[in-house]
Amino acid sequence: MKARIIAYYLPQFHPIPENDEAWGPGFTEWTNVAQAKPLFRGHYQPRIPADLGFYDLRLPEVRMQQAEMAREAGIEGFSYWHYWFGNGKKLLQRPFEEVLASGKPDYPFALTWANHDWTTSTWQKKGGNRIIAKQEYPGIEDYISHFTYCLPAFRDHRYIKVDGKPLFSIYDPYNFSDVSRFIETWRKLASENGIGDIFFVGLCKPTTTKRRRADGTIERVLPNVKSSAEVYNSLLSLGFDALNPDGRPLAEMIYQGKYMRLALTTAQKYCPWLPALRYNYAKVMPHYYAKEDSWENIFPTIMPQWDRSPRSGAKDGIYINATPENFQKHIEHALRLINGKSEEHKILFLRSWNEWAEGNYVEPDTRYGHGYLNAIKNAIF
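Residues numbered from 1 in each chain as written. Predicted model: local features only at pLDDT ≥ 70, side-chain atom pairs only at ≥ 80, totals over all residues. Heavy atoms only, no water.

## Thoughts on the overall build of the chain
Note the following rule: Going along the chain from the N terminus, every DSSP run of H or I of four or more residues is numbered as a helix, and every run of E of two or more is numbered as a strand. Our radius of gyration looks at C-alpha atoms and nothing else; its globule reference is 2.2 Å times the residue count to the power 0.38. Accessible area is worked out with a 1.4 Å probe on protein chains only. A residue is then buried under 20% of its type maximum, exposed over 50%, and partly exposed in between. We call two residues in contact when some of their heavy atoms are within 4.5 Å. Areas reported as accessible are Shrake-Rupley estimates using a 1.4 Å probe. Residue values count occlusion only from the protein chains shown. Just so you know, the count uses Lys and Arg for positive and Asp and Glu for negative, and it drops His and the chain ends. Throughout, a charge is located at the NZ atom of Lys, the CZ atom of Arg, the CG atom of Asp or the CD atom of Glu.
The number of helices and strands found in the chain is 13 helices and 18 strands. Relative to its length of 381 residues, the chain is compact, with a C-alpha radius of gyration of 20 Å against a globular reference of 21 Å. Taken over the C-alpha atoms alone, the chain extends approximately 60 × 45 × 45 Å along its principal axes. Considering the chain as a whole, with its 381 residues, one finds that 56% of them fall into the buried category. Considering only residue pairs separated by 6 or more positions, the chain has 76% of its internal contacts joining residues 24 or more positions apart. If you sum the accessible surface of the chain, you get close to 15,600 Å²; carbon and sulfur atoms cover 52% of it. Here the chain holds 47 positive side-chain charges and 43 negative ones, and the gap between their average locations is 6 Å.

## Here we look at the nonpolar core
Worth spelling out the cut-off: What is meant by a nonpolar core is a set of buried Ala, Val, Leu, Ile, Met, Phe, Trp, Tyr and Cys residues, joined one to another through side-chain atoms within 4.5 Å.
Counting residues in hydrophobic clusters, the biggest one holds 113 residues, and the most contacted among them are F168, F182, W186, F327 and W353. Beyond its immediate stretch of four places on either side in the chain, F182 contacts W113, Y143, H146, F168, I170, F176 and F200.

## Things to note about the packing of helix α3 (residues 60-73) against helix α13 (residues 371-380)
Cut-off, in case you're wondering: Axis geometry follows a simple rule: fit a line to the C-alpha atoms, using only the stretch in contact for helices, then measure angles between N-to-C directions, giving values from 0 to 180 degrees. Only Asp, Glu, Lys and Arg are considered charged in this grouping, and only Ala, Val, Leu, Ile, Met, Phe, Trp, Tyr, Cys and Pro are considered nonpolar; every other residue, Gly among them, is considered polar.
Where α3 contacts α13, the axes come no closer than 8 Å and their chain directions differ by 35°. Seen from α3, the contacting residues are M69, E72 and A73; seen from α13, they are L373, I376, K377 and I380. The class makeup of the residues in the contact of α3 with α13 is 5 nonpolar, no polar and 2 charged.

## Brief notes about the pairing of strand β12 (residues 242-245)
Definition in use: The pairing criterion is simple: DSSP has to find at least two bridges between the two strands.
A two-sided burial pattern is seen for β12, the buried positions comprising A242 and N244 on one face and L243 and P245 on the other. Of the pairings in the sheet, the one linking strand β9 (residues 199-204) to β12 comprises 4 bridges and is parallel in character. Paired with V201 across the bridge in β12 is A242.

## Thoughts on the side chain of T112
What counts, and what does not: Pairs of N or O atoms are called polar contacts if they sit within 3.5 Å, as long as, within protein, a hydrogen donor faces a hydrogen acceptor (for residues adjacent in sequence, only side-chain-to-side-chain pairs).
Tracing the backbone through its elements, the reader meets T112 in strand β4 (residues 109-113). Given a relative accessible area of 0%, T112 falls into the buried group. A distance of 2.6 Å separates the side chain of T112 from the side chain of S79, its partner in a polar contact. Here T112 is in contact with Y8, S79, Y80, W81, H82, S169 and L203, once residues within four sequence places are set aside.

## Quick word on the packing of aromatic side chains
We apply this condition: Pairing of aromatic rings covers Phe, Tyr and the six-membered ring of Trp, with a centre-to-centre limit of 6.5 Å; geometry is then stacked below 30 degrees between planes, edge-to-face above 60, and tilted otherwise. Two conditions define a charge sitting above a ring: the NZ of Lys or the CZ of Arg must be within 6 Å of the ring centre, and it must be within 35 degrees of the ring normal.
Scanning all chains against the criterion turns up 46 aromatic pairs. Plain terms: the ring middles of F109 and Y159 are 5.7 Å apart, the flat faces sit at 90° to each other, and that makes the pair edge-to-face. Here F109 is found in strand β4, whereas its partner Y159 is found in the loop between α5 (140-155) and β7 (161-162), with 50 residues between them in sequence. Residue class for Y159 comes out buried when judged on its relative accessible area of 3%. Ring centres 5.9 Å apart and planes at 75° place the aromatic pair W113 and Y137 in the edge-to-face group. Highlighted residues: W113 in strand β4 and Y137 in the loop between β6 (131-133) and α5, separated in sequence by 24 residues. The residue whose ring lies beneath R367 is Y44, and the NZ or CZ to ring-centre distance is 4.1 Å.

## Points about the pairing of strand β16 (residues 347-350)
What you see with β16 is no split at all: I347 and F349 on one side and L348 and L350 on the other are buried throughout. With 4 bridges connecting them, strand β1 (residues 4-9) and β16 associate as parallel partners. Within β16, the residue paired with I5 across the bridge is L348. Taken together, the 2 bridges between strand β14 (residues 301-302) and β16 define a ladder with parallel strand orientation. Residue pairing in the sheet places T301 in a bridge with F349 of β16.

## Overview of the environment of A276
Among the structural elements, A276 can be located in the loop between α9 (258-270) and β13 (278-280). Along the primary structure A276 and D316 are separated by 40 residues, whereas in three dimensions their C-alpha atoms are 6.8 Å apart. Contact partners of A276, with chain neighbours within four places excluded, come to L39, Q268, A314 and I318.

This is the structure:
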């Protein structure tokens, strides 16, 4: 196998009280997926799942089928989005907790901490933004409680390791001003509990309008599309072992021009009546990677498709021509990028396994069937 592919996995396909209260009984990710409408001629919406249907992740049979599909395609394991809001507050934990407790499926997994506010704007096309769960960082005692909660997972034989260490990713290193102390605390706890160490990965963009000051606060800067070295080094210096960049903003800036892209995305944000921005996947994705993504401690992303219109309407860019054939070419580009790395670090993060409302999934649908899964299999075997 040419790469270790780890797929981000969304557990938001079952009702929870918080979503029931915000949206009404029974709300799940499928609600907006099923209601999506085409925004222009030829727009692929709604997207309808094929083999697995509109599944409920409370069913172990569904989780078993997903694992079998992923294993057959050559995906090493799932990295479950893990929602810990501080003070013991969790959301969407049931699917992973049942996988952990039952031992099934016997398929590798890791955790990615989705450390951001849970708000209504994620699933709301127009106006308003109510916080359902606030992301908080209460301090050392909460970091210890968080580690204690994750410890049984780290000890499970299925847990994905890098350099012999359990892999733990953090979605938003920028706005977590205490992230270095968090990492230091968990490394100490891992040693004390016989785990040895944790392999920390920070998610990021190869180009960004954010820069962390020494005190952890954020300042705005112009994005650099020519080099990602400053972005990567600043985050690695916080204590991360590796980074996982998402190159979509970089690709769009190079394709459209930096200032044009900033102007268009700003206009789209504040003028919801504007038509949706369209990006030709085959033309944009060759710009997806920074030259620094070939560094040993950078684990690039592979992105099959992108269309958040079920969630955001016309407020975000929509990728057209994101076919399985073009996705395979994108994977082959990524494989060339990581070819010189050690086998242990030939990691690609798939974003994502099942983000249906972002049009960002590889599970079978009624248009392409197993096409995206076959693209992975064809590229890496």
